[in-house]
Amino acid sequence: MSILNHNKLNSRPIGFFDSGVGGLSVYARFKKALPEEDTLYFGDLANMPYGNKTREELIGFARKILDFYKLQDVKAVVIACNTSSAQAYEAIKDDYEFKIYPIIQSCAKVIAAANYKRIGVFATEATVKSRAYTYEIHKHNPDIEINEIPCPNWVPIVENNKYKEKSAIEDVKRKVEKMMLFSPDKIILGCTHYPYLLSLLKEFAPEDLFIDPAAIFVNYIKSDLEKSLLLNSEGGLEKFYVSANPESFKIHSKLFYNINELPVCVTR
Ligand code: DGL
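Just so you know, these numbers come straight off a predicted model, no measurement behind them.

Parameters and conventions
Residues numbered from 1 in each chain as written. Predicted model: local features only at pLDDT ≥ 70, side-chain atom pairs only at ≥ 80, totals over all residues. Heavy atoms only, no water. Helix = DSSP H or I, 4+ residues; strand = E, 2+ residues; numbered from the N terminus. Rg over C-alpha atoms; globule rule 2.2 N^0.38 Å. Contact = heavy atoms within 4.5 Å. Areas by Shrake-Rupley, 256 points an atom, 1.4 Å probe, with all protein chains shown as cover. Pairing = 2+ DSSP bridges. Axes fitted to C-alpha atoms, helices over the stretch in contact; angles between N-to-C directions. Near = heavy atom within 4 Å. Polar contact = N/O pair within 3.5 Å; in protein donor to acceptor, adjacent residues only side chain to side chain. Nonpolar A, V, L, I, M, F, W, Y, C, P; charged D, E, K, R; others polar. Salt bridge = Lys/Arg side-chain N within 4 Å of Asp/Glu carboxyl O. Expected span 1.5 Å × (residues − 1). Buried < 20%, exposed > 50% of the residue type's maximum accessible area, 1.4 Å probe, protein only. Arc of directions from axis to C-beta.

A look at the overall build of the protein
Point 1. Each helix and strand in the protein was counted, giving 13 helices and 10 strands.
Point 2. For 268 residues, the compact-globule formula gives about 18 Å, and the C-alpha radius of gyration of the protein, at 18 Å, lands near that figure.
Point 3. Projected onto its principal axes, the C-alpha positions of the protein cover 60 × 40 × 35 Å.
Point 4. In the protein, the share of contacts with a sequence separation of at least 24, taken over all contacts with a separation of at least 6, comes to 75%.
Point 5. In the structure as shown, the protein presents an accessible area of about 12500 Å², 50% of it carried by carbon and sulfur atoms.

Here it is in structure tokens:
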């Protein structure tokens, strides 16, 4: 490959997606680690929440977003969504020429290697139903006991900014108490929306019990881009897209990332 082609390949953008603002918990870390990458972010607010959708629906949403990113000539797509990684990734992974990074599959090996005996997972109903965390971690270490608990109310709490409501606090407390009966060494926040709830979660269990897989995920992507000679050293532009409600996205994104412009609404 000539230097010219190589640089052209590297300077293509990387696309991220999630059902809403949750994936920004990954995106924000990525921008810190690799500020010179051009990045695109798609929040699929028209179809949010993903957690109560069927596998077929989730595959359809992922395909539409990846087709959209194909038109943007991306070099990679980051599935900054556990639910889509759990239910759609396997079905679509061979259908595109660019790299696709799914959060669960990319992090499982590192988590499995960390010497934990009992791991709890909080995730959406669709993620828990797939057992993707259990399956992917057991591929690397079958002796770890894993307890997955679905938290269907947590994404609406985050997207609608209901952290302070009594019903939200009680729901989080109930789930944490239930998980603590399992005596986990660590609890994975297996939905990219859940790190937004950390200030609430830590009221009911020690903060260092929780793992936000975003940090592991970003390290994985960075080293894979490095190995593949795909790093960009002269970009840094970013653009945000949503499939509905751009104002709501801009307001609720604030906790993790400051978006200056209103995202572009792409209706498909
Ligand atoms: N944030 C996503 C995840 O990691 C999707 C949550 C949802 O829309 O239900 O699973």
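Overview of the sheet that holds strand β1 (residues 14–18)
Point 1. Across the sheet, six strands lie side by side as β4-β3-β1-β2-β9-β10; this open sheet has parallel pairing. Only two strands of the sheet have a single partner each, and these edge strands are β4 (99–102) and β10 (264–265).
Point 2. As paired elements, strand β9 (residues 238–242) and β10 share two bridges and run parallel to each other. In the sheet register, Val242 faces β10, and the bridge partner there is Cys265.
Point 3. The strands touched by helix α3 (residues 55–71) are β1, β2 (39–43), β3 (76–79), β4 and β9; relative to β1, the strand with the most contacts, the crossing angle is about 155°.
Point 4. Seen against the sheet, helix α6 (residues 103–112) touches β3 and β4 and runs at an angle of roughly 65° to β4.

Concerning the site of the ligand
Point 1. Not every one of the 14 residues close to the ligand is listed here, only the nearest: Ser19, Tyr50, Gly51, Thr83 and His193.
Point 2. Within the side chain of Asp18, one N or O atom sits 3.0 Å away from a nitrogen atom of the ligand.
Point 3. His193 places a side-chain nitrogen or oxygen 2.7 Å from a nitrogen atom of the ligand.
Point 4. Protein chains bury 99% of the 300 Å² of accessible surface belonging to the ligand in isolation.
Point 5. A per-class count over the shell around the ligand returns six nonpolar, seven polar and one charged.

So, the pattern of salt bridges
Point 1. On inspection of all chains with the given rule, the structure shows 13 salt bridges.
Point 2. In this structure, Lys93 and Glu90 form a salt bridge, with 3.5 Å as the shortest nitrogen-oxygen distance.
Point 3. Note that Asp171 is salt-bridged to Arg174, the shortest N-O span being 3.4 Å. Of this pair, Asp171 and Arg174 both sit in helix α10 (residues 166–180), separated by three residues, roughly a single helical turn.

Comments concerning α10
Point 1. For α10, built from 15 residues, the straight-helix expectation of 21 Å at 1.5 Å per residue is met to within 8% by its first-to-last C-alpha distance of 21 Å.
Point 2. Residues of α10 that are buried include every one of Ala168, Asp171, Val172, Lys175, Val176 and Met179, and no others. For α10, the buried positions fall inside an angular range of 125° around the axis, keeping them on one side. Exposed side chains of α10 directed beyond 90 degrees from the buried face belong to Lys166, Ser167 and Arg174.
Point 3. The inward-facing, buried residues of α10 abut β5 (118–123), β6 (145–150), α9 (154–159), β7 (186–189) and α11 (198–201).

Function cannot be inferred from these measures alone, as they are strictly geometric.
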